[in-house]
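This is what each chain is made of:
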Amino acid sequence: MTAPIRFPRFFVTSPAPCPYLPGKSERKVFTELRGDSADELNEALGRIGFRRSQTVAYRPSCLDCQACVSVRVVADEFKPSSTQRRALKANDDLVSIECRPWATSEQFELLQKYLAVRHPGGGMTQMEENDFADMVEHTPVSSYVIEYREPGIGAEPGRLVGACLTDFQGDGLSMIYSFYDPEHEDRAGLGNYIILDHIRRAARRGLPFVYLGYWVEGAERMQYKIRYRPLERLGRAGWERVSEDEQRRLIASATAPREGRRGDPLPAKDGNQVEYRLVD
């Protein structure tokens, strides 16, 4: 006799200020990931726009806004732009290693450096090392930390310059959180390179997609996601390809010169950490 299917219970967070759009509030719907079916549940929810944070899968459920749009790169059809080819060439000597999801002091130090430069004053700057360990290690699904190191000398590993917490799913790779050395003088485009490497990894494994999380039109720090082609977005009718003309327009808008803009895209992430309380 087949065991009954356990349907997840869903909960909703209280409204809070939106980290992307000033004047807006955000609300999330979420459920716990646990048990032997956590991988399958996480993958099924990922296909309908959920993201993972530790043992929770969540997605926006805002009352007055639908600006957050799930996007994914079609890995086996991806064609890098000239800028992306330069990032590949500049960083292809890096040694990438798939590590089990176990946090290290070296990773945490790199994260602190990244946050201090790219997100000063953000909520994650208050993160302590044990908080970082929770973020990496509390995973009920198939996850890895992919480290990016400069070539070492002999048996000694090289300098850690980037890392990404990644979920491996049946239909692709989901980039949960990535960070890198934002001030490395000889490593232009590190954030870009980490995404490009994930696209290559997915294609080599025969996985169709790389999930980048949410794209928010009008939020500058989310615009880097629109630069990867071809791109699919999740709408009311399911996943659909962003047309060449529309993506060209969005890329032109995202790359237009603005005061204070920096050249390296921010990595895949979905804002500050959220505390999820199990309240009906």
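This text follows the structure it describes.
Given the structure is predicted, the values throughout are model-derived calculations rather than measurements.

## Digging into the overall build of the chain
Next up, step 1: When you go through the chain residue by residue, the secondary structure sums to six helices and 14 strands.
Next up, step 2: Within the chain, the proportion of its 280 residues that are buried is 49%.
Next up, step 3: A separation threshold of at least 6 residues defines the contact pool for the chain, and within that pool the share at least 24 residues apart is 71%.

## Examining the sheet that holds strand 6 (residues 56-60)
Next up, step 1: Taken together, the four strands give an open sheet; going across it, the order is 1-4-6-5, and neighbouring strands pair in antiparallel fashion. Taken across any chain shown, the strands that pair with only one partner, and hence form the sheet edges, are strand 1 (11-12) and strand 5 (51-53).

## Details of helix 3 (residues 105-118)
Next up, step 1: Compared with the 20 Å implied by 1.5 Å per residue over 14 residues, the 20 Å span of helix 3 between its first and last C-alpha is a close match.
Next up, step 2: Of all the positions in helix 3, only Gln-107, Phe-108, Leu-110, Leu-111, Tyr-114, Leu-115 and Arg-118 are classed as buried. Angularly, the buried residues of helix 3 cover 160 degrees about the axis, an arc narrow enough to put them on a single face. For helix 3, the exposed residues lying more than 90 degrees away from the buried face are Glu-109 and Ala-116.
Next up, step 3: Packed against the buried residues of helix 3 are helix 4 (129-137), strand 9 (143-149), strand 10 (160-169) and strand 11 (172-180).

## Section: the environment of Asn-91
Next up, step 1: Counting through the fold element by element, Asn-91 comes out in helix 2 (residues 82-91).
Next up, step 2: For Asn-91, a relative accessible area of 0% puts it in the buried group.
Next up, step 3: Remark: the alpha-carbon pair of Asn-91 and Tyr-193, spanning 102 residues in sequence, is separated by 7.0 Å.
Next up, step 4: Contacts of Asn-91, omitting those with residues within four sequence positions, involve Arg-187, Ala-188, Gly-189, Leu-190 and Tyr-193.
Next up, step 5: In this structure the side chain of Asn-91 is engaged in a polar contact, spanning 3.1 Å, whose partner is the backbone oxygen of Ala-188.

## Observations concerning the side chain of Asn-42
Next up, step 1: Take Asn-42: it is sitting in helix 1 (residues 38-46).
Next up, step 2: Residue class for Asn-42 comes out buried when judged on its relative accessible area of 6%.
Next up, step 3: Sequence-distant contacts of Asn-42, defined by excluding residues within four places in its chain, comprise Leu-33, Arg-52, Val-141, Asp-167 and Gln-169.

## Description of empty space enclosed by the protein
Next up, step 1: In the structure shown here, the tally under the stated rule is four cavities of 30 Å³ or more.
Next up, step 2: Empty space within the second largest cavity amounts to approximately 110 Å³.
Next up, step 3: What lines the second largest cavity is a set of 14 residues, among which Gly-46, Phe-50, Arg-51, Ser-174 and Tyr-211 lie closest to the centre.
Next up, step 4: Contributing elements (two or more residues each) for the lining of the second largest cavity: helix 1, strand 5, strand 7 (68-74), strand 10, strand 11 and strand 12 (209-216).
Next up, step 5: The residue inventory of the lining of the second largest cavity, partitioned by class, reads five nonpolar, six polar and three charged.

## A closer look at helix 6 (residues 244-254)
Next up, step 1: Taken together, the buried positions of helix 6 are occupied by Gln-247, Leu-250, Ile-251 and Ala-254. The buried residues of helix 6 occupy an angular sector of 100 degrees when projected down its axis, which confines them to one face.
Next up, step 2: Contacts from the buried residues of helix 6 go to strand 12 and strand 13 (231-235).

## Here we look at the nonpolar core
Next up, step 1: Counting residues in hydrophobic clusters, the biggest one holds 54 residues, and the most contacted among them are Leu-111, Phe-132 and Tyr-228.
Next up, step 2: With seven residues, helix 5 (residues 190-204) is the largest single contributor of residues to this core.

Calculation notes
In every chain, residue numbers begin from 1 and rise along the written sequence. Whole-chain, interface and lining totals are the exception, using all residues; otherwise, since this is a predicted model, local features are given only for residues with pLDDT of at least 70 and side-chain atom pairs are given and counted only at 80 or more. Hydrogens and water are ignored here; the side-chain numbers use all heavy atoms of the structure. Working definition: helices are DSSP H or I runs of at least four residues, strands are E runs of at least two. Numbering for both runs from the N terminus. Only protein chains enter the calculation, and the probe is 1.4 Å; a residue is then buried if its accessible area is under 20% of its type maximum, exposed if over 50%, and partly exposed in between. Residues are treated as being in contact if the distance between any of their heavy atoms lies within 4.5 Å. The criterion for strand pairing is that DSSP finds at least two bridges linking the strands in question. Expected helix span is given by 1.5 Å per residue-to-residue step, counting one fewer step than there are residues. Arc definition: it is the arc formed by the directions from the helix axis to the C-beta atoms. Think of a polar contact as two N or O atoms within 3.5 Å of one another; within protein, one of them needs to be a possible hydrogen donor and the other a possible acceptor, and neighboring residues in sequence only count if both atoms come from side chains. For each structure, a 1 Å grid was placed over the protein atoms alone; sets of points admitting a 1.4 Å probe that cannot get out are labelled cavities, open sets with protein on both sides within 12 Å along at least five of seven lines are labelled pockets, and lining residues have an atom within 4 Å of a point. Grid points are joined across faces, edges and corners, and a volume is the space filled by probe spheres set on the points. Residue type decides the class: Asp, Glu, Lys and Arg count as charged, Ala, Val, Leu, Ile, Met, Phe, Trp, Tyr, Cys and Pro as nonpolar, and the leftover types, Gly among them, as polar. Definition used in this section: a nonpolar core is a set of buried Ala, Val, Leu, Ile, Met, Phe, Trp, Tyr and Cys residues joined via side-chain atoms within 4.5 Å.

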